[in-house]
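For reference, the chains in residue letters:
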Amino acid sequence: MSANAEIARLLDETAAMMEVLGENRFRVAALQRASRVISGLGVDLAQIAQDREALLAIDGVGDKIADKIQEYVRTGRIAEHDEYAQRIPSGVLDLLGVPGLGPKTVGLLWREKNITTLAGLKRALEDGSILDLPRMGKRSAERIARALAFTESSGSRTPIGVAMPIAESIVVRLEASARGATAVYAGSLRRGRDTVGDVDILACATDADAVSRAFREAPEVAEVLAAGATKSSVRLRAGDTGRLIQADLRVVERRALGAAMLYFTGSKDHNVALRERARARGLTLNEYGLFPDDGGPTPPQVRGVTPVAAKTEAAIYSKLGLAHIPPELREDRGEIAAAEAGALPDLIEPDHISAELHAHTTASDGSLSIEALAREAQRRGFHTVAVTDHSKSQTVANGLDEARLREHIASIRAVNERMRGVTVLAGAEVDIHADGSLDYDDDTLALLDIVVASPHWALTQKPADATRRLLRAIEHPLVDIVGHPTGRLIGKREGLSPDIAELCAAAAEHGTALEINAHWMRLDLRDTHVRAAVEAGAPIAINCDVHSERDFDNLRYGVMTARRGWLPADRCVNAWSARRLRAWLGRRR
DNA sequence: GCCGTTTTCGGCCCGACTGTTTTCAGTCG
């Protein structure tokens, strides 16, 4: 695990322990904020820890947290974390992971009933002893029991590729449920995060009740958690995955849809920053609109105060003196300052993509023939598609040895001769061995139009080894793209933790593209890595790693990840004209 | 514990819903 991830985890755990102990909530919030900022940081804290000014320049990092970062880099520990860990059994923090159990209840469970593990909680629910606690009735106990079952079955976050189709089908159903109804999804899904905690839906309709009913009575609903006049929460069965995912619906007034979208899209940190900005301008912002701050005793919308802006997000940003900020950027990572300065990036969009540069055919583990692949690429409006089947070491994927590769290249060239309107490139996805050497020799690589080099195994190497390995591939004169550089699988495999800054600098120097693999199980590079690559000046590829026709549909997840990394279109090789792409591929051949 | 166009102290975003209460605490986003 990288230093950043570990420091973020220790700070977050410290905050959780402080919360259970009932300590000052602002100190807790400060640690949580620092943890979030650090986990999304592009630079490696281990590299800059000596530079105190650089640490203090990080949002949310002050003297105390800078001390903790330096302490961690020096000793591998944070003493304050250890002290709290002495006072609280570790299982108590697991209890906080159960939805509906907050620090107060967890603290009570621990102190009053000595419940310090999920198993202990389960026993107390079964034997009814949990009912001894103050404010703990039968209904609360039942709610906790269901929440516990939920965490055990599918407690972790859901990949965007699973959640997005669910959200889209809910939107369609709600819009059909009442005349003139409008529905949109918000939350981290709209921001394009690689995983989501839940699905947030907003709806407007004259018949709010009909929309709410349609939401709660949908066939996928396994359980209704809340059913208010404007807010409903349910747990849904997520397709055939066997897991459950929470979905929340808010029914809002059409005239305040923009304010609601802003509020429910988040992120939390972005919203807090916007509210602080509003306050500094004598305004107050909530999910009903941007209002003059008249210091009234009740919320302005309750008193019929006319909002300064509410209907659209753009109007609210405008009244706050900001350009409209695309959802993918709303993470409080400098987007507000950029919007104020008119310096937001000209972000890439799905329509900009006109080449797929990582695709497999039946020659290795794909399901399409070369020709079927080419036709599908053409149908999607692409000017170029690269056939990049696996190299010889990928025996499980039917990787090609040199002899088969030569035949394959001839077949690709033959198809390319026949096709009109789309260029089919002869390429390969070549394994990067653990030491950074490649799976084909240079003479073989020189036969190809394009080389994607990817790590597929030895994905538990030490960070320094991984950095050396990937650097060697980036510096290789015949490598055009490094595919899914860390090899992570979301929720399943952490993958490599190379020094991203070093890789990006080398990629910029050698003109080698780093790939965002658009498959929703990978999304690797991840958003923060893309941001580092953009800042370093490295080219980026967004590829679908096509194995079947449907894989092309994953492009949108890759593009959302790119946007989260502030990627402008002209830095993405897949968005270049055929001519520019050819010139780049020919630069060293 | 952070932070500053209200600035080095004294604030720190705001509302919906539930359950167990008779007016509100806890949780969530």
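These numbers come from a predicted model, not from an experiment.

Quick notes on the rules
Residues numbered from 1 in each chain as written. Chains lettered and ligands numbered in written order. Predicted model: local features only at pLDDT ≥ 70, side-chain atom pairs only at ≥ 80, totals over all residues. Heavy atoms only, no water. Core = buried A, V, L, I, M, F, W, Y, C linked by side-chain atoms within 4.5 Å. Buried < 20%, exposed > 50% of the residue type's maximum accessible area, 1.4 Å probe, protein only. Contact = heavy atoms within 4.5 Å. Near = heavy atom within 4 Å. Polar contact = N/O pair within 3.5 Å; in protein donor to acceptor, adjacent residues only side chain to side chain. Helix = DSSP H or I, 4+ residues; strand = E, 2+ residues; numbered from the N terminus. Nonpolar A, V, L, I, M, F, W, Y, C, P; charged D, E, K, R; others polar. Pairing = 2+ DSSP bridges. Axes fitted to C-alpha atoms, helices over the stretch in contact; angles between N-to-C directions. Salt bridge = Lys/Arg side-chain N within 4 Å of Asp/Glu carboxyl O.

Caption draft 1: The arrangement of the nonpolar core in detail. Counting residues in hydrophobic clusters, the biggest one holds 65 residues, and the most contacted among them are Ile348, Val424, Leu514, Ile542 and Leu567. The residues contacting Leu567, other than those within four sequence positions of it, are Asp346, Leu347, Ile348, Val530, Val534, Ile540, Ile542, Ala562 and Cys572. The next biggest cluster of nonpolar side chains, apart from the first, holds 46 residues, and it includes Ala16, Leu45, Tyr84 and Ile88.

Caption draft 2: Layout of the protein's contact with DNA strand B. Around DNA strand B sit 48 residues in total, of which Thr105, Arg135, Gly137, Tyr263 and Arg275 are the nearest. Between DNA strand B and the protein, one listed contact pairs a phosphate oxygen with a backbone N or O atom of Ala229 at 3.3 Å. Thr284 places a polar side-chain atom, nitrogen or oxygen, 3.3 Å from a phosphate oxygen of DNA strand B. Of all the secondary structure elements, the ones that give two or more residues to the surface near DNA strand B are helix H2 (25-39), helix H5 (63-75), helix H8 (103-113), helix H10 (138-154), strand S5 (221-227), strand S7 (244-251), helix H15 (268-280) and strand S8 (283-286). Among the elements that make up the surface near DNA strand B, the one with the highest residue count is H15 (five residues). Taken together, the residues that form the surface near DNA strand B break down as 17 nonpolar, twelve polar and 19 charged.

Caption draft 3: Representation of the environment of Ile540 in the model. Along the chain, Ile540 falls in strand S16 (residues 540-543). Considering only alpha carbons, one finds Ile540 and Leu148, 392 residues apart in sequence, at a separation of 42 Å. With residues up to four places along the chain from it excluded, the contact list for Ile540 reads Ala513, Leu514, Ile516, Leu525, Ala533, Leu567, Arg571, Cys572, Val573 and Asn574.

Caption draft 4: Fine view of the sheet that holds strand S13 (residues 450-454). Judged by pairing direction, the sheet is parallel, and its seven strands sit side by side in the order S10-S11-S12-S13-S14-S15-S16 without closing on themselves. Each end of this open sheet is capped by a strand with a single partner; those strands are strand S10 (355-359) and S16. Sitting on the sheet, helix H19 (residues 402-418) is in contact with strand S11 (384-390) and strand S12 (423-431), with an inclination near 155 degrees to S12.

Caption draft 5: Quick look at the pattern of salt bridges. Applying the stated criterion to the full structure yields 38 salt bridges. Between Arg52 and Asp63 there is a salt bridge whose closest N-O contact spans 3.0 Å. Here the residue Arg52 occupies a position in helix H4 (residues 52-56), and Asp63 occupies one in helix H5, the gap between them amounting to eleven residues. Residue classification places Arg52 among the partly exposed residues on the basis of a relative accessible area of 24%. Note that Arg190 is salt-bridged to Glu313, the shortest N-O span being 2.9 Å. Here Arg190 is found in helix H12 (residues 187-191), whereas its partner Glu313 is found in helix H16 (residues 313-319), with 123 residues between them in sequence. Each of the two residues, Arg190 as well as Glu313, counts as buried. A single salt-bridge network, built from bridges that share partners, covers Glu23, Arg27, Lys68 and Glu80.

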